[in-house]
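A look at the structure
Spelled out from the first residue to the last, the chains are:
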Amino acid sequence: MEDKLITLAILTFEKAQMLKMMLEAEGIEVYIHNVNQIQPVVSAGVRVRIKESDLPHALRLIEDNKWFESPKPEKKDKEAGETRVLVPIDFSDYSLKACEIAINYAHKQGAEVMIMHAYFSPYFPSAIPLGDTMAYQANEESTRNMVNRVQGDMAQLCAEIDKRMEEGILPKVKYDYTLREGLPEEEIIAYGKEYRPDLIVMGTRGKDQKDIDLIGSVTGEVIEMNKVPVLAIPENVPFHDLGEAKHIAFATSFSQRDLIAFDRFMDVIKGYDVQIHLFNISTSRDEWNEIRLTGVREYFQKQYPEASISYTVLDDGDLLLAIEKFVRDQHIDLIALTTYRRNILARILNPSIAKKMLFHTDTPLLVMHA
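Counting of residues starts from 1 at the beginning of each chain's written sequence and follows it residue by residue. Per-residue local features are limited, in this predicted model, to residues with pLDDT of at least 70; the limit for side-chain atom pairs, both in listing and counting, is 80 or more; totals at the level of whole chains, interfaces and linings are taken over all residues. Here the side-chain values reflect all heavy atoms present in the structure, with hydrogen atoms and water set aside.

1. Regarding the sheet that holds strand β11 (residues 308-312)
Rules: Here a strand pair is declared whenever DSSP counts at least two bridges between the two strands. Runs of H or I in DSSP of at least four residues are treated as helices and runs of E of at least two as strands, each being numbered from the N terminus. Axes here mean lines fitted to C-alpha atoms, for a helix over just the part in contact, with angles spanning 0 to 180 degrees between N-to-C directions. Should any heavy atoms of two residues lie within 4.5 Å, those residues are counted as being in contact.
Spatially, 10 strands are ordered β6-β5-β4-β7-β8-β13-β12-β9-β10-β11 in an open sheet, and the strand pairing comes out mixed. Because the sheet does not close on itself, it has two edges, and the strands there are β6 (175-181) and β11. Taking each pair of neighbouring strands and ignoring which way they run, the sheet shows an average axis angle of 25°. Here strand β4 (residues 84-88) pairs with strand β5 (residues 112-119) via 5 bridges, running parallel. The partner of Val-87 across the bridge, within β5, is Ile-115. Here helix α10 (residues 319-330) sits on the sheet in contact with β9 (247-252), β10 (275-280), β11 and β12 (334-339), set at roughly 155° to β10.

Right, here's the structure in full:
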């Protein structure tokens, strides 16, 4: 029985030709359909089709060659002293709050703001035959409608920001926006390498959401895989300006990497009048925790004599419950902590303390990577 043709990808004409050449060099027959014969290079999208029996081989070639990965962007030079803030949003109710906090922070630091939204439009819509033109046209129409909707949502958000700036609710700062197609967590990380922000501000759902809403959290993935400090803002946070956070806790595991993270932390909060509370996330005995915390506090105080620094030893028992009690008792407005990049298996079997706290607290988190 003759092999059926299946759609491997829907691409621009140029990319489709490149993929066709690569697959044919490996002995795979490739057919390109739905090409505008008059102006093929401006076609909105064409189908790359192969025999069904060749699909496993084709997918292996694409994976091995990382064909669908975006090329590494050319890094844009930053002027000396220039500060940038990236705000990935999803147009949810808490997106505007993340923008407000980012804009107020940018005004304080003399920074510019880039608002970003990534929408997913898969290259592999299906692995089944699309035998008629109507199916392709329906897919193309759906994609076009999605792009129009995203552009409309972004225009509406920017109009609201402009209105608040004109009314004096928000300070006037330089800001722009960008729309990217792809998986949000991947696009945020990729664009971060291009834009090179000094801080990423993102919204989170908060601790009252169901566990299913938290699986695969974009914010959690960005925290795990990115090297830029991330400020995670829960939807129920009471303030709109980081300057209102007067009590900031800094978590330490008594690692030397925490010393580097603390320096980054101080750079992020420069210019703000805050009380810094050190606390332990170590599981060692209490007396050692207090001795170590005293030593860490004395070291930080010598390095940053202008800072107001105290420490608290967490109660025994469940760490997350102890942190919640500490936050409540000390009226903590924000928690800063360090996370470390690990392989995929370690991330699945033992999620980082940053990710656990992201899912169990309504307190904003400032996460530094070490």
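2. Observations regarding the environment of Arg-164
Its place among the elements puts Arg-164 in helix α4 (residues 133-166). Along the chain, Arg-164 and Glu-100 lie 64 residues apart, while their C-alpha atoms are 9.5 Å from each other. Residue contacts for Arg-164: discarding those within four places in its chain leaves Leu-96, Glu-100, Ile-169 and Leu-170.

3. Some remarks on the nonpolar core
We count it as follows: Take the buried Ala, Val, Leu, Ile, Met, Phe, Trp, Tyr and Cys residues and link them wherever side-chain atoms come within 4.5 Å; each set so joined is a nonpolar core. Here's how the labels work: a residue is buried when its accessible area is under 20% of the maximum for its type, exposed when over 50%, partly exposed in between, all with a 1.4 Å probe on protein chains only.
In this structure, Ile-161, Phe-262, Phe-265 and Ile-276 are the most contacted members of the largest nonpolar core, which totals 52 residues. Here the element with the most residues in this core is helix α3 (residues 95-109); it accounts for 8 residues. Excluding residues within four positions of it along the chain, Phe-265 makes contact with Ile-248, Phe-250, Ile-276, Ala-336, Leu-366 and Met-368. The next biggest cluster of nonpolar side chains, apart from the first, holds 27 residues, and it includes Leu-86, Tyr-191, Leu-314 and Ala-322.

4. Focus on the confidence of the model for the protein chain
The criterion, for reference: As a per-residue measure, pLDDT reflects the predictor's confidence and takes values from 0 up to 100.
On average, residues of the protein chain score 78 in pLDDT, and 73% of them reach the 70 mark or higher. Mean pLDDT across the elements of the protein chain ranges from a minimum in helix α6 (residues 211-214), with 42, to a maximum in β4, with 95. Contacts from residues 36-44, a stretch scored under 50 in pLDDT, to residues over four places away or in other chains number 6 contacts.

5. Some thoughts on the pairing of β9
What counts, and what does not: We call a crossover right-handed when, viewed with the strands running away from us, the connection from the first strand over the helix to the second turns clockwise.
In terms of residue burial, β9 counts as a mostly covered element, since 5 of its 6 residues are buried. Where β9 and β10 come together, 6 bridges link them in parallel fashion. Looking across to β10, one finds that Thr-252 is bridged to Asn-280. Of the crossover connections in this fold, the one passing from β9 over helix α8 (residues 256-268) to the parallel β10 is right-handed. In this structure, β9 lies alongside β12, joined through 3 bridges in parallel fashion.

6. Points about α3
Since one α-helical turn is 3.6 residues long, residues separated by three or four positions face the same way. Put simply, the rule reads: One less than the number of residues in a helix, times 1.5 Å, gives the span that helix is expected to have.
For α3, built from 15 residues, the straight-helix expectation of 21 Å at 1.5 Å per residue is met to within 8% by its first-to-last C-alpha distance of 21 Å. With its phi angle positive at about 65°, Gly-110 sits one or two positions after the end of α3.

7. Quick notes on the pattern of salt bridges
Operational definition: In the sections that follow, a salt bridge refers to a side-chain nitrogen of Lys or Arg positioned within 4 Å of a carboxyl oxygen of Asp or Glu.
Following the criterion strictly, the structure yields 13 salt bridges and no others. Residue Arg-164 pairs with Glu-160 through a salt bridge whose shortest N-O separation is 2.7 Å. Here Arg-164 and its partner Glu-160 are both found in helix α4, 4 residues apart, which amounts to about one turn of the helix. You can call Glu-160 partly exposed: its relative accessible area is 26%. Close ionic contact of Lys-270 with Asp-267 constitutes a salt bridge, the shortest N to O distance being 3.7 Å.

8. With respect to unusual backbone geometry
Phi is positive for Phe-91, which is not a glycine, with a value near 65°. Topologically, Phe-91 is positioned in the loop between β4 and α3. Judged by relative accessible area, Phe-91 falls into the partly exposed class, the value being 24%. Of note in the backbone geometry, His-331 takes a positive phi value of approximately 55° without being a glycine. Considering the arrangement of structural elements, one finds His-331 in the loop between α10 and β12.

9. A few points about the environment of Ile-332
Here Ile-332 is to be found in the loop between α10 and β12. In sequence terms Ile-332 and Lys-246 are 86 residues apart; their C-alpha atoms lie 7.9 Å from each other.

10. Focus: the packing of aromatic side chains
Two aromatic rings, taken as a pair, are described by how far apart their centres are and by the angle between their planes. Cut-off, in case you're wondering: Under the pairing criterion, centres of Phe, Tyr and Trp rings, with the six-membered ring standing for Trp, must be within 6.5 Å; the plane angle then separates stacked pairs below 30 degrees from edge-to-face pairs above 60, leaving the rest tilted. A ring has a charge above it when a Lys NZ or an Arg CZ is no more than 6 Å from the ring centre and no more than 35 degrees off the ring normal.
Following the criterion strictly, the structure yields 10 aromatic pairs and no others. Measuring from ring centre to ring centre gives 5.0 Å for Phe-250 and Phe-262, while their planes differ by 85°; the resulting arrangement is edge-to-face. You can see Phe-250 sitting in strand β9 and its partner Phe-262 sitting in helix α8, a full 12 residues away along the chain. Judged on exposure class, the residue Phe-250 and its partner Phe-262 are both buried. Taken together, the ring pairs in this structure connect Phe-250, Phe-262, Phe-265, Tyr-299, Phe-300 and Tyr-304 into an aromatic cluster. Over the ring of Tyr-195 we find Arg-84, and its NZ or CZ is 5.1 Å from the ring centre. One residue, Lys-108, lies across the ring of Tyr-272, its end atom 5.6 Å from the ring centre.

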